[in-house]
Amino acid sequence: PTEHLQDAEIEEPMTSVYEDSSFQSINESIESSAVHKEATVEVALEQIEKEEQSRIPTMYPIGQLHGTYILAQNENGLYMIDQHAAQERIKYEYFRDKVGEVSQELQDMLVPITVQYSTDESIKLKENIELLQEVGIFLEDFGHNAFIIRSHPQWFPQGDEQEIVESIIDQLLQMKKVDIKKLREEAAILMSCKASIKANHHLRQDEIAALLEQLRYSSDPFTCPHGRPIIVHYSTREIEKMFKRIM
């Protein structure tokens, strides 16, 4: 009897350890499932919020017309998108924000830009040299009404630096009263135009899809910074009427 009692006393804690391990495993499984469901809900809510922020529905690319217009469709019909105007809108909003920032991230130029103006123009530039810095133009006096630019913000469109610098300076010189807000606006429009894809440029399917998705979340996906239309939409009903499928 004493031996049986000792065996029972030994077996009891072993059973308890097994049960504790099972319960722990079940609890971990429940917690893991709860975390997964919570993450799934968060992703769904983020997607809903993202959809609410877009001003146009999802458009599924079909292809290109003459390497200039993107053709896309959805349940609402057919869309023709001017690819240059679309990217210009996206780039404009990017540069508009960048021009408004005070950034110290400058890139030195391998070959500095030198520009020369009349005496009156040089005086006006010197008076507004700090305003020009606010739009990314860092002029240094180079003597005899000349100026030199040795660096520019890293976000400047590559390859068009000199044209952009000269165009922004010309915008300032044409202003009777210098308006920094208008100068920033003109600088952003100019940069977006230079940095955007042009007509007769063929895009891959993934590039088209990415462009359409970015356009959906721009503040104004309907017109480019110059006011030209970006999207032309034909509803399914309009197309059916064209082909006299309906009256």
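Here the structure is shown first, and the text comes after it.
Residues numbered from 1 in each chain as written. Predicted model: local features only at pLDDT ≥ 70, side-chain atom pairs only at ≥ 80, totals over all residues. Heavy atoms only, no water.

Section: the sheet that holds strand 6 (residues 146–153)
- Across the sheet, three strands lie side by side as 4-6-5; this open sheet has antiparallel pairing. The two strands at the open ends of the sheet, each matched to only one other strand, are strand 4 (106–116) and strand 5 (140–143). With direction set aside, neighbouring strand axes in the sheet form an average angle of 25 degrees.
- Pairing of strand 4 with strand 6, which is carried by seven bridges, proceeds in the antiparallel orientation. Paired with threonine 114 across the bridge in strand 6 is isoleucine 148.
- Relative to strand 4, helix 5 (residues 161–174) is tilted by about 55 degrees, and along the sheet it contacts strand 4 and strand 6. (Pairing = 2+ DSSP bridges. Helix = DSSP H or I, 4+ residues; strand = E, 2+ residues; numbered from the N terminus. Axes fitted to C-alpha atoms, helices over the stretch in contact; angles between N-to-C directions. Contact = heavy atoms within 4.5 Å.)

So, the environment of tyrosine 117
- Structurally, tyrosine 117 is set in the loop between strand 4 and helix 3 (119–127).
- On the basis of relative accessibility, which here comes to 13%, the residue tyrosine 117 falls in the buried class.
- Counting along the chain gives 30 residues from tyrosine 117 to phenylalanine 147, while the straight-line C-alpha distance between them is 8.5 Å.
- Contact partners of tyrosine 117, with chain neighbours within four places excluded, come to Ser122, Leu125, Asn145, Phe147, Glu166, Ile169, Asp170 and Leu173. (Buried < 20%, exposed > 50% of the residue type's maximum accessible area, 1.4 Å probe, protein only.)

Section: the sheet that holds strand 3 (residues 77–82)
- Across the sheet, which stays open at both edges, the four strands sit in the order 1-2-3-7 with antiparallel pairing between neighbours. Edge strands, defined here as strands with exactly one partner in the open sheet, are strand 1 (60–65) and strand 7 (231–235). Neighbour to neighbour, the strand axes of the sheet diverge by 20 degrees on average, direction disregarded.
- Strand direction decides the pairing type here: strand 3 and strand 7, joined by five bridges, are antiparallel. Bridging across to strand 7, tyrosine 79 finds its partner in histidine 233.

Some remarks on the pairing of strand 3
- Of the pairings in the sheet, the one linking strand 2 (residues 69–74) to strand 3 comprises six bridges and is antiparallel in character. When the sheet's bridge partners are listed, asparagine 74 is paired in strand 3 with glycine 77.
- The hairpin turn running from strand 2 into strand 3, its antiparallel successor, is two residues long.

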